[in-house]
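What follows is each chain in one-letter form.
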Amino acid sequence: MNPLDTTEFKKQGHMIIDFLADYYENISNYPVLSQVEPNYLKKLLPSFAPSNPEPIETILEDYQKHIIPGITHWQSPNYFAYFPSSGSTAGFLGEILSTGLNVVGFNWISSPAATELENVVIDWLGEILNLPKSFLFKGGGGGVLLGTTCEGILGTLVVARDKILSKIGSENAHKLVVYGSDQTHCAVQKAAHIIGINPKNFRAIKTNKLNSFALLPESLLSTIENDLKNGLVPCYLCVTVGTTSTTAIDPVRKLCNVAKDYGIWVHVDAAYAGSACICPEFRYLIDGVEDADSFSLNAHKWFLTNLDCCCLWLKDPNSLIKCLSTTNSEYLENSASDSKQVVDYKDWQVTLSRRFRALKVWFVLRSYGVDNLRNFLRSHVEMAKTFEGLVKMDKRFEIIVPRKLALVCFRILPYGKKVADGKVTNGEAKLIGKKVANGKVTNGEAQLISSEDVVANEINRKLLDSINGSGDVYMTHAVVEGVFVIRCAIGATLTEEMHVIKAWKVVQEHADVILKDKNGSIFV
């Protein structure tokens, strides 16, 4: 057996590329959302691995027959769910080279080019974003390419924790408080739990539709002051630029001004919206970032750099290195590291091993250029404006929050109050995830939802299930202030305006089926 036969590598490599090229040429013909049932694959594949080798042709045949039906096609032009995971020829080719080299760049000496190219491209990206020099290597800061935002949040949260505990003592760890809004990504709460923050000390500060679900500095301030009165210690704030539910934009500068008075570490999470900030007209979204301690975006979301690639910048990388450095490991020692003239990225992340992610970013930047990347992002924003306009033209629908960038949040409106099991009374209280004893709320607050919203939620849930069940397009949902919202996130690489118009027609067609009563009443 020769596992790395170059002749076979060339032959099979060409077959794989041809296979993928055919896949992309025909991707719009597949149901966007996989239609398989749970555990489908166990019924199709053997119970045991093969004892003898099988030809690549047989493997690819089974891939087409059994794997493709179980794929939700994130690169389909009809994919409008979650946020995009944009791919590109340059990104794929960079990934192929990275995978082909298969280096493990945990420190500089393990592959100098892997580290130094990462240093270069992270500064390139920082300059394109017009980040302050304090976040760049050339300005005393620096950055790293991680897998996901979850890793970036975990690392910076460790730094914030250790900074505070160095002052108040580790025995007071139970007093540390982490802040975000009720729209902040669940990754923050998960990271806080992982590093030992008391779950009761995570603050999901309430936002509201009136303020487009942004975290208000007044709300943050009152929450901090209340915690201080109770003997707790503010530690970390996650400011979100482009929340998952609605693309809400937290006011970076104002929140930083509140946090700095209390010595709170501020991380700006721009996982989705950060890419758009390379466009001068959208750069205002992160105004005030110079007052934050760390900043991150996911290049794999909307920057043509396939999964995984989170870009994290810090003003003080040494604080991260101090917390995550591997010490007393003789097998990792070398003269280059001892010289303190190189970066050892193993000390910038939770794991030791790491991939050569910088190659695909380098390929994307060089293959397309900044001007084309900006126009690519702008095209999706324009498509979102088109979709938003179509929604507004149909009086059966409403836009839930003002569109920001390329996400449109909408729902169908209820024109009646008839439901299958009886009538819905006005002002029905719907208790979400809370316990009630003797008519009183014992663990939180009841959320009052109007009878029309109760009906509308059921209708919109049914509408979304119907849309996605068709396989023609794929959208996802959010719930904000008790309202079920359908999200149309435009950003797949292959999406064009015709796909957006088609998506709206699909929505209308399924709405027509659900809204059967000619008088406008809605029936569930």
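Keep in mind it's a predicted model, so treat the numbers as computed, not measured.

Peer 1: I'd like a rundown of the UniProt feature "modified residue: N6-(pyridoxal phosphate)lysine" (unreviewed entry) in the chain, residues and numbers included.
Peer 2: Taking the numbering used here, the UniProt-annotated feature "modified residue: N6-(pyridoxal phosphate)lysine" (unreviewed entry) corresponds to Lys301. Lys301 sits in the buried class, given a relative accessible area of 18%.

Peer 1: Talk me through the nonpolar core; I want residue IDs and the actual numbers.
Peer 2: In this structure, Leu237, Phe295, Trp313, Phe387, Phe410 and Met475 are the most contacted members of the largest nonpolar core, which totals 104 residues. Sorting elements by how many residues they give to this core places helix α12 (residues 358-393) first, with 13 residues. Split by domain, the residues of this core number at least three in each of domain 1 (136-315) and domain 2 (371-523). Once you skip the residues sitting within four places of it in the chain, Phe387 turns out to touch Val408, Phe410, Met475, Cys488, Ile490, Val500, Ala503 and Trp504.

Peer 1: Which residues make up the confidence of the model for the chain, and what values do they have?
Peer 2: Of the residues in the chain, 91% have a pLDDT of 70 or more, and the chain-wide mean is 91. The model gives residues 416-448 a pLDDT under 50, and that stretch makes 52 contacts with residues more than four places away or in other chains. For the stretch residues 517-524, pLDDT sits under 50, and the model shows 22 contacts to residues farther than four places along the chain or on other chains.

Peer 1: Explain unusual backbone geometry to me, and be specific about the residues and the numbers.
Peer 2: A cis amide bond links Leu307 to the next residue, Asp308, at an omega of 5°. Checked against the element boundaries, Asp308 lands in the loop between α9 (299-302) and β8 (310-314). One non-glycine residue, Asn39, lies in the positive phi region at around 70°. As for its placement among the helices and strands, Asn39 is situated in the loop between α1 (6-25) and α2 (56-67). Even without being a glycine, Thr247 presents a positive backbone phi close to 60°. In this structure, Thr247 sits in the loop between β5 (233-240) and α8 (252-260). The class of Thr247 is buried, set by a relative accessible area of 0%.

Peer 1: Tell me about the domain arrangement of the chain, residues and numbers included.
Peer 2: Domain assignment breaks the chain into domain 1 (136-315) and domain 2 (371-523). Between domain 1 and domain 2, the residue contacts involve 25 residues of the former and 22 residues of the latter. Taking both sides of the interface into account, the surface hidden between domain 1 and domain 2 amounts to around 2,100 Å²; carbon and sulfur atoms contribute 68%. The largest per-residue losses of area from domain 1 upon contact with domain 2 belong to Lys209, Trp302 and Leu304, which jointly make up 28% of the total buried on that side. Counting across the interface, domain 1 meets domain 2 through 1 salt bridge. Notably, a salt bridge pairs Arg378 with Glu281, separated by 2.6 Å at the nearest N-O pair. Our count for the domain 1 to domain 2 interface comes out at 8 residue pairs in polar contact (both at pLDDT 80 or more).

Peer 1: How would you summarise the sheet that holds strand β18 (residues 483-489) if you had to cite specific residues and measurements?
Peer 2: Taken together, 5 strands build an open sheet; the order of strands is β1-β17-β18-β10-β9 and the sheet is mixed. Among the strands making up the open sheet, the edge pair consists of β1 (79-80) and β9 (397-399). In the sheet, strand β17 (residues 474-480) pairs with β18 via 5 bridges, with the strands oriented antiparallel. Paired with Thr476 across the strands is Arg487, a residue of β18.

Peer 1: Explain the side chain of Asp269 to me, and be specific about the residues and the numbers.
Peer 2: Within the secondary structure layout, Asp269 lies in strand β6 (residues 265-269). Summary of buried charges: Asp269 has no salt-bridge partner, and the nearest side chain of opposite charge, Lys301, is 7.3 Å away. When near neighbours in sequence (up to four residues on either side) are disregarded, Asp269 contacts Thr149, Ile153, His185, Cys238, Val239, Thr240, Val241 and Ser296.

Peer 1: Requested: an account of the sheet that holds strand β4 (residues 202-205), with residues and values cited.
Peer 2: Two pairing modes exist for strands in a sheet, parallel and antiparallel, and in both the strands are linked by backbone hydrogen bonds. Taken together, 7 strands build an open sheet; the order of strands is β2-β8-β7-β6-β5-β3-β4 and the sheet is mixed. Of all strands in the sheet, those with a lone pairing partner are β2 (142-146) and β4, marking the two edges. Averaged over all neighbouring strand pairs, the angle between strand axes comes to 20°, with direction disregarded. Summarising the sheet, strand β3 (residues 176-181) and β5 pair through 4 bridges and their orientation is parallel. Looking at the pairing, Val178 lines up with Tyr236 of β5. Packing of helix α5 (residues 149-168) onto the sheet brings it into contact with β2, β3, β5, β6, β7 (294-298) and β8, and relative to β5 it is tilted by some 155°.

Quick notes on the rules
- Residues numbered from 1 in each chain as written.
- Predicted model: local features only at pLDDT ≥ 70, side-chain atom pairs only at ≥ 80, totals over all residues.
- Heavy atoms only, no water.
- UniProt positions renumbered as here; feature names shortened; annotations may be inferred.
- Buried < 20%, exposed > 50% of the residue type's maximum accessible area, 1.4 Å probe, protein only.
- Core = buried A, V, L, I, M, F, W, Y, C linked by side-chain atoms within 4.5 Å.
- Helix = DSSP H or I, 4+ residues; strand = E, 2+ residues; numbered from the N terminus.
- Domains from an automatic or database assignment.
- Contact = heavy atoms within 4.5 Å.
- pLDDT = per-residue confidence, 0-100.
- Buried area = accessible area lost by both parts, 1.4 Å probe.
- Salt bridge = Lys/Arg side-chain N within 4 Å of Asp/Glu carboxyl O.
- Polar contact = N/O pair within 3.5 Å; in protein donor to acceptor, adjacent residues only side chain to side chain.
- Pairing = 2+ DSSP bridges.
- Lys, Arg positive; Asp, Glu negative; His and termini not counted.
- Axes fitted to C-alpha atoms, helices over the stretch in contact; angles between N-to-C directions.

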